[in-house]
Amino acid sequence: MSTFKAPKGTYDLLPPESAKYLAVREAIAAPLRGSGYGYIETPGFENVELFARGVGESTDIVTKEMYAFETKGGDRLALRPEGTASVLRAALEANLHKAGNLPVKLWYSGSYYRYERPQKGRYRHFSQVGAEAIGAEDPALDAELIILADQAYRSLGLQNFRILLNSLGDKECRPVYREALQNFLRGLDLDEDTLRRAEINPLRVLDDKRESVQKQLGDAPLLRDYLCDACKAYHEEVRELVTAAGVVFEDDPKLVRGLDYYTRTTFEFVHDGLGSQSAVGGGGRYDGLSEMIGGPALPSVGWALGVDRTVLALEAEGVELELPVTTSVFAVPLGDEARRVLFAKVTELRKNGVAADFSYGGKGLKAAMKAANRSGARYALILGERDIEQGLVQLKDLESGEQTAVGLNEIVAELESRLG
Ligand code: AMP
């Protein structure tokens, strides 16, 4: 073991489990790629102000969880705690919204950083795949994103997840609700911190997980009773479109999220096999965010799904993913001349698209065959000195144990045809 360990709250992805993470990322990305979303990549860090303004000065993410630092050049930066603010920043900077084709639909995949108290499902470094549709106010777009996330989870074989849906209103109706909620909260028996939060960001109090707080919130006013007609109609249409697509959801009038930028449609995907860190993904509409970071009005909607928790959810359900075959052929040379000849064959196989590996380090037959079996390959290619003299190579089917001699010049074609 080395002197060093992965930092607290982080973990390494190692084979063979790491293949699951790749498969999850791919499964989430596939429906997006097939629905007009283009891939975007932004830096791992941004100006700290982008998150302070975008995510919200009073959110836990910004006040407690951000990895913020000053560079040698005096720039104040932060490791990205989430994707939406960066993606919108990049789209505005490149004027993607001016190309005349709104919405701009983008998807991303990457690492995010939050200084949280680590526990199962909650890490300081985690990965998300996300999607953003920028610049259109259309309930079909909100519905599309919910349906695509559902499709992604189902394609992985997940079943025990639920979709929670709510509307957070807009700049017309939310302030009225906010005040009603504040008045209600002021009358409760809450600690100093929570009372302060009630003044700055009362909706977040609804999200307080503590029993002592939750039991006082039974009669709290609900946003759904304060929605203006436009928000009500919009929300109703999102609900109808999602329902028509056969996607089941639950109305959750108390659903709020830990980021300030959400308006109207808000949703979360929760998995019941994960204990306290049950949210596997979440998102919603953020019509005001562009203006908050200095851009024009650009109503937008998006989500981010957590890769780490999706893998945990798959494990909780006992889903075994069908992972792509990594090695089809394993080559075992016996002697120096065989090593040169067989290495050339392996290179040729790889160029022809056959996944092939090689026994390195001058292993003897027994150790090399053990490695072949461990590799998961379907076939072993064994080459000895006598085989070379005869222009042959031994092809062993590692499933049936059957072994046949094949001409060295024919082996690539033979394997291609056997492996389809
Ligand atoms: P959020 O932006 O907080 O809604 O996060 C979206 C998704 O990212 C969550 O539903 C989780 O799946 C994942 N996620 C957020 N924070 C963490 C974390 N600290 N560790 C692991 N996954 C996380």
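Just so we're clear, the structure is a prediction, and the values are computed from it rather than from any experiment.

**Remarks on the sheet that holds strand S4 (residues 76–79)**
Taken in spatial order, the three strands make up an open sheet running S2-S4-S3, and their pairing is antiparallel. A single partner strand is all that each edge strand has here, and the edge strands are strand S2 (45–47) and strand S3 (68–70). Along the sheet, successive strands turn relative to each other by an average axial angle of 35°, direction set aside. Against the sheet, helix H2 (residues 48–55) engages S2, S3 and S4, with an angle of about 80° to S2.

**Some points on the site of the ligand**
Around the ligand, 15 residues are found, and the nearest of them are Arg114, Glu116, Tyr123, Gln128 and Arg257. Between a nitrogen atom of the ligand and a main-chain N or O atom of tyrosine 123, the distance comes to 2.8 Å. Relative to its free-state accessible area of 480 Å², the ligand is covered by the protein chains to the extent of 92%. If one sorts the elements of the shell around the ligand by residue count, strand S10 (residues 279–285) sits on top with three residues.

**Things to note about the layout of surface pockets**
Quantified by volume, the second largest pocket comes out at close to 640 Å³. In terms of lining, the second largest pocket is formed by 28 residues, of which the most central are Asp170, Lys171, Arg174, Tyr262 and Thr263. Only helix H6 (174–186), helix H8 (202–205), strand S9 (263–271) and helix H11 (289–292) provide two or more residues apiece to the lining of the second largest pocket. Looking at side-chain class alone, the lining of the second largest pocket contains 14 nonpolar, three polar and eleven charged residues.

**Overview of the packing of aromatic side chains**
In this structure the tally under the stated criterion is twelve aromatic pairs. Here the aromatic cluster, defined as three or more aromatic residues joined through ring pairs, consists of Tyr153, Phe161, Phe267 and Phe269. We note arginine 124 situated over the ring of tyrosine 115; from NZ or CZ to the ring centre the distance is 4.0 Å. The ring of tyrosine 234 carries the charged tip of arginine 264 above its face, separated from the ring centre by 4.7 Å.

**Structural notes on helix H13 (residues 336–351)**
With 16 residues, H13 should cover 22 Å at 1.5 Å per step; its first-to-last C-alpha distance of 23 Å lies within 8% of that length. Along H13, the residues that are buried comprise Ala338, Leu342, Lys345, Val346 and Leu349. Along the axis of H13, the buried positions cluster into a sector of 105°, meaning they face one direction only. Seen from the open side of H13, the exposed residues pointing more than 90 degrees away from its buried face are Arg340 and Lys351. The inward-facing, buried residues of H13 abut strand S12 (329–333), strand S13 (356–358), strand S14 (379–383), helix H15 (385–390), strand S15 (392–397) and helix H16 (411–419). Of the residues trailing H13, glycine 353 is marked for its positive phi of about 85°.

**Here's the deal with the state of the cysteines**
All chains considered together, the criterion is met by zero disulfides. Lacking any disulfide linkage, cysteine 228 is separated from the closest cysteine sulfur, that of cysteine 231, by 3.6 Å.

**Details of the packing of H6 against helix H7 (residues 192–200)**
Running from N to C, H6 and H7 point in directions that differ by 160°, and their axes come no closer than 9 Å. Between H6 and H7, the crossing angle belongs to the class labelled roughly antiparallel. Seen along the crossing, H6 lies across H7 with a hand that is left-handed. Where H6 approaches H7, its residues Arg178, Gln182, Leu185 and Arg186 are matched on the opposing element by Leu195, Ala198, Glu199 and Ile200. Partitioned by chemical class, the residues of the contact of H6 with H7 number four nonpolar, one polar and three charged.

**Details of the domain arrangement of the protein chain**
The domain architecture assigned to the protein chain consists of domain 1 (18–173 + 227–317) and domain 2 (329–419). Here the C-alpha centroids of domain 1 and domain 2 sit 48 Å apart.

**Some details on unusual backbone geometry**
In this chain, proline 15 is followed by proline 16 through a cis amide linkage whose omega measures 5°. Mapped onto the elements of the fold, proline 16 is located in the segment before helix H1 (18–33). Here the phi dihedral of asparagine 95 falls at roughly 55°; this positive angle occurs in a residue that is not glycine. Positionally, asparagine 95 belongs in the loop between helix H4 (84–93) and strand S5 (104–113). Residue classification places asparagine 95 among the partly exposed positions, given a relative accessible area of 35%.

Thresholds applied
- Residues numbered from 1 in each chain as written.
- Predicted model: local features only at pLDDT ≥ 70, side-chain atom pairs only at ≥ 80, totals over all residues.
- Heavy atoms only, no water.
- Pairing = 2+ DSSP bridges.
- Helix = DSSP H or I, 4+ residues; strand = E, 2+ residues; numbered from the N terminus.
- Axes fitted to C-alpha atoms, helices over the stretch in contact; angles between N-to-C directions.
- Contact = heavy atoms within 4.5 Å.
- Near = heavy atom within 4 Å.
- Polar contact = N/O pair within 3.5 Å; in protein donor to acceptor, adjacent residues only side chain to side chain.
- Areas by Shrake-Rupley, 256 points an atom, 1.4 Å probe, with all protein chains shown as cover.
- 1 Å grid on protein atoms, 1.4 Å probe; cavity = no way out; pocket = protein on both sides within 12 Å on 5 of 7 lines; lining within 4 Å.
- Points joined across faces, edges and corners; volume = space filled by probe spheres on them.
- Nonpolar A, V, L, I, M, F, W, Y, C, P; charged D, E, K, R; others polar.
- Phe/Tyr/Trp six-rings, centres within 6.5 Å; stacked < 30°, edge-to-face > 60°.
- Lys NZ or Arg CZ within 6 Å of the ring centre and 35° of its normal.
- Expected span 1.5 Å × (residues − 1).
- Buried < 20%, exposed > 50% of the residue type's maximum accessible area, 1.4 Å probe, protein only.
- Arc of directions from axis to C-beta.
- Disulfide = S-S within 2.5 Å.
- Parallel < 35°, antiparallel > 145°, perpendicular 65-115°, else oblique.
- Left-handed = near helix turned anticlockwise from the far one by under 90°.
- Domains from an automatic or database assignment.

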